[in-house]
Amino acid sequence: KLNVGVDTVQHGVEGLTYLLTESSKLMISEIDFQDSIHVLGFSDELNKLLLQLYMDNRKEIRSILGELTPKLPSYHSLEWRLDVQLASRSLRQQIKPAVTIKLHLNQNEDQTAQVLQTDPSTLLHLIQQLEQALGEMKTNHCRRIVRNMK
Amino acid sequence: QRFRFCGDLDCPDWVLAEISTLAKISSVKLKLICAQVLRDLLGETMEYEKILKLTSDAKLELGDVKATIAVLGFILSSAAKHNVDSESLSSELQQLGLPKEHAGGLCRSYEEKQSSLQDRLRACSLRLSRLGSVGWRVDYTLSSSELREVNEPLVHLNFHLRDGERDKPVAIPMVLSADKFRVLLAELKQAQAMMNTLL
């Protein structure tokens, strides 16, 4: 329909893609965008169209680009059980409690699971540390940063 | 305020918020919806279209229907988890603002299925691996490159497990001499005797 070769169309698409993603990535202003494409020597009408295309789509392009960052495994769910070891081959009459935890993680649509085991006192220590970490959010230092980010 | 069916903790805010949605449905229809949710919790298929039909009279939006299913699922499984009896559950739900007939219908459904629900929850509890079956074979070694007349029995064991960590079937083969096998058997019998004292 455009009466040009397949290669030309492909290069055209690639060029437009690059222009839009780079502009959106760097979040350049209208004036900077206009100045940049002016160098290419297109007609005024084409320049206006390109600018409009950029302004209309940059928010969406930015949100898609934001999702492309590498992600660490994230929490999905947790299963646990509490057992008591009463005897083993070497020693009878024991009382040894243990907590077994299966941590389900999500990483880029992959589900993995880690199995961990701990005794109750280590578990309490873990909970204490995590609550301390949550408590950090309430310190003045963190509050100041959060306020400045908004 | 602490609730037994929440494990002696506060009731979650979202549950509190949905109690008023439950009250919009008639108590008879609520009991039928409970029956469907119980089917799902017990591992059978829930008939979602029936639930949609039952909630259409109360003019609930799709979001409210899903919330109803979620809150009923929570109440029933949490009550079973903490072994709450039917009357206590009814009184606690009424404290949260659920009308008496609704609480009564819900708790009657709960009571019927309480032990099945607890059995199902017990079966779903975390297990790292499960023994499926044991295959065995006894061979008799006649001779080897080291000794011309060996004449010894040999036991082959193959433990078929379902690995809990990766949820895949695993086979563990091993070979034991007669003496080693006798030791293994004696130790396992001692472990079995210990288990029987606990049952």
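All values derive from a computational prediction rather than experimental measurement.

**Regarding the interface of chain A and chain B**
So, step 1. At the interface, 12 residues of chain A touch 11 residues of chain B.
So, step 2. Of the roughly 960 Å² buried between chain A and chain B on both sides combined, carbon and sulfur atoms contribute 60%.
So, step 3. Between the two partners, chain A and chain B, sit one salt bridge.
So, step 4. Looking at the side of chain A that touches chain B, the elements with two or more residues in it are β1 (74-85), β2 (96-107) and β3 (110-118) of chain A.

**Overview of the sheet that holds strand β5 (residues 168-177) of chain B**
Residues and elements named next belong to chain B.
So, step 1. Taken in spatial order, the three strands of this open sheet run β3-β4-β5, and their pairing is antiparallel. Both edges of this open sheet fall to β3 (129-141) and β5, since each of them pairs with a single strand only. Here the strands of the sheet are splayed against their neighbours by 15 degrees on average, with no regard to which way each runs.
So, step 2. In terms of strand pairing, strand β4 (residues 152-163) meets β5 through 10 bridges, oriented antiparallel. Within the sheet, the bridge partner assigned to His156 lies in β5 and is Val175.

**Some details on the sheet that holds β3 of chain A**
Residue and element names in this part refer to chain A.
So, step 1. Taken in spatial order, the three strands make up an open sheet running β1-β2-β3, and their pairing is antiparallel. A strand with exactly one partner marks an edge of an open sheet, and here the two such strands are β1 and β3. Direction aside, the axes of adjacent strands within the sheet are offset by 15 degrees on average.
So, step 2. Direction of pairing for β2 relative to β3: antiparallel, over a ladder of nine bridges. For Leu105, the partnering residue across the bridge sits in β3 and is Thr112.

**A look at the environment of Leu65 of chain A**
So, step 1. Within the secondary structure, Leu65 of chain A is located in helix α3 (residues 44-66).
So, step 2. For the pair Leu65 of chain A and Ser24 of chain A, spaced 41 residues apart in the sequence, the C-alpha separation amounts to 8.9 Å.

**A look at the pattern of salt bridges**
So, step 1. Enumeration over the complete set of coordinates arrives at 10 salt bridges over all chains.
So, step 2. The shortest N-O distance in the salt bridge between Lys25 of chain A and Glu22 of chain A comes to 3.4 Å. Of this pair, Lys25 of chain A and Glu22 of chain A both sit in helix α1 (residues 6-26), three residues apart, roughly one helical turn.
So, step 3. A salt bridge links Glu187 of chain B to Arg89 of chain A; the shortest N-O distance between them is 3.2 Å. One end of the pair, Glu187 of chain B, is in helix α7 (residues 178-198); the other, Arg89 of chain A, is in the loop between β1 and β2, on a second chain.
So, step 4. Classification of Glu187 of chain B as partly exposed rests on a relative accessible area of 24%.

**Concerning the nonpolar core**
So, step 1. Among the nonpolar cores identified, the biggest contains 35 residues, and Phe5, Leu72, Leu89, Leu93 and Leu106 of chain B are the most heavily contacted of them.
So, step 2. Put simply, the parts of the chain that give this core at least two residues each are α1 (13-24), α2 (27-41), α3 (48-56), α4 (62-81), α5 (86-95) and α6 (100-124) of chain B.
So, step 3. Ranked by the residues each element gives to this core, the list is headed by α4 of chain B, at eight residues.
So, step 4. Once residues lying within four places of it in the same chain are set aside, the contact partners of Leu106 of chain B are Cys34, Leu72, Ile75, Leu76, Leu89, Leu93 and Leu98 of chain B.
So, step 5. If you look at the next biggest cluster of nonpolar residues, it comprises eight residues, including Ile28, Phe33, Leu50 and Leu51 of chain A.

**Things to note about a nonpolar patch on the surface**
So, step 1. Together, Leu2, Val4, Val9 and Val13 of chain A make up a nonpolar patch on the protein surface, roughly 360 Å² of accessible area in all.
So, step 2. A relative accessible area of 34% means that Val9 of chain A is categorised as partly exposed.

**Observations regarding a positive patch on the surface**
So, step 1. Taken together, Lys138, Arg143, Arg144 and Arg147 of chain A make up a surface patch of like positive charges.
So, step 2. Using a relative accessible area of 41% as the deciding quantity, one classes Arg143 of chain A as partly exposed.

**Looking at the packing of α2 of chain B against α6 of chain B**
Residue and element names in this part refer to chain B.
So, step 1. Two numbers describe how α2 lies on α6: the axes approach to 8 Å, and their chain directions differ by 15 degrees. One finds that α2 runs roughly parallel with respect to α6. Relative to α6, the crossing made by α2 is right-handed. In this structure, α2 uses Ser27, Leu30, Lys31, Cys34, Leu38 and Leu41 to contact α6, whose residues at the interface are Glu101, His102, Gly105, Leu106, Arg108, Ser109, Glu112, Lys113, Leu117 and Arg120.
So, step 2. In terms of residue class, the contact of α2 with α6 is made up of six nonpolar, four polar and six charged.

**Section: the packing of α2 of chain B against α4 of chain B**
All names here are of chain B.
So, step 1. Running from N to C, α2 and α4 point in directions that differ by 70 degrees, and their axes come no closer than 10 Å. On the basis of their axis angle, the class for α2 and α4 is roughly perpendicular. The two elements α2 and α4 cross, and the hand of that crossing is right-handed. Residue-level contacts link Leu30, Ile33, Cys34, Val37, Leu38 and Leu41 of α2 to Ile69, Leu72, Gly73, Leu76 and Ser77 of α4.
So, step 2. Here the residues of the contact of α2 with α4 sort into nine nonpolar, two polar and no charged.

Parameters at a glance
- Residues numbered from 1 in each chain as written.
- Chains lettered and ligands numbered in written order.
- Predicted model: local features only at pLDDT ≥ 70, side-chain atom pairs only at ≥ 80, totals over all residues.
- Heavy atoms only, no water.
- Contact = heavy atoms within 4.5 Å.
- Buried area = accessible area lost by both parts, 1.4 Å probe.
- Salt bridge = Lys/Arg side-chain N within 4 Å of Asp/Glu carboxyl O.
- Helix = DSSP H or I, 4+ residues; strand = E, 2+ residues; numbered from the N terminus.
- Pairing = 2+ DSSP bridges.
- Axes fitted to C-alpha atoms, helices over the stretch in contact; angles between N-to-C directions.
- Buried < 20%, exposed > 50% of the residue type's maximum accessible area, 1.4 Å probe, protein only.
- Core = buried A, V, L, I, M, F, W, Y, C linked by side-chain atoms within 4.5 Å.
- Patch = residues over 30% accessible without salt bridge, like charges linked within 9 Å, V, L, I, M, F, W, Y side chains within 5 Å.
- Areas by Shrake-Rupley, 256 points an atom, 1.4 Å probe, with all protein chains shown as cover.
- Lys, Arg positive; Asp, Glu negative; His and termini not counted.
- Charge placed at Lys NZ, Arg CZ, Asp CG, Glu CD.
- Parallel < 35°, antiparallel > 145°, perpendicular 65-115°, else oblique.
- Left-handed = near helix turned anticlockwise from the far one by under 90°.
- Nonpolar A, V, L, I, M, F, W, Y, C, P; charged D, E, K, R; others polar.

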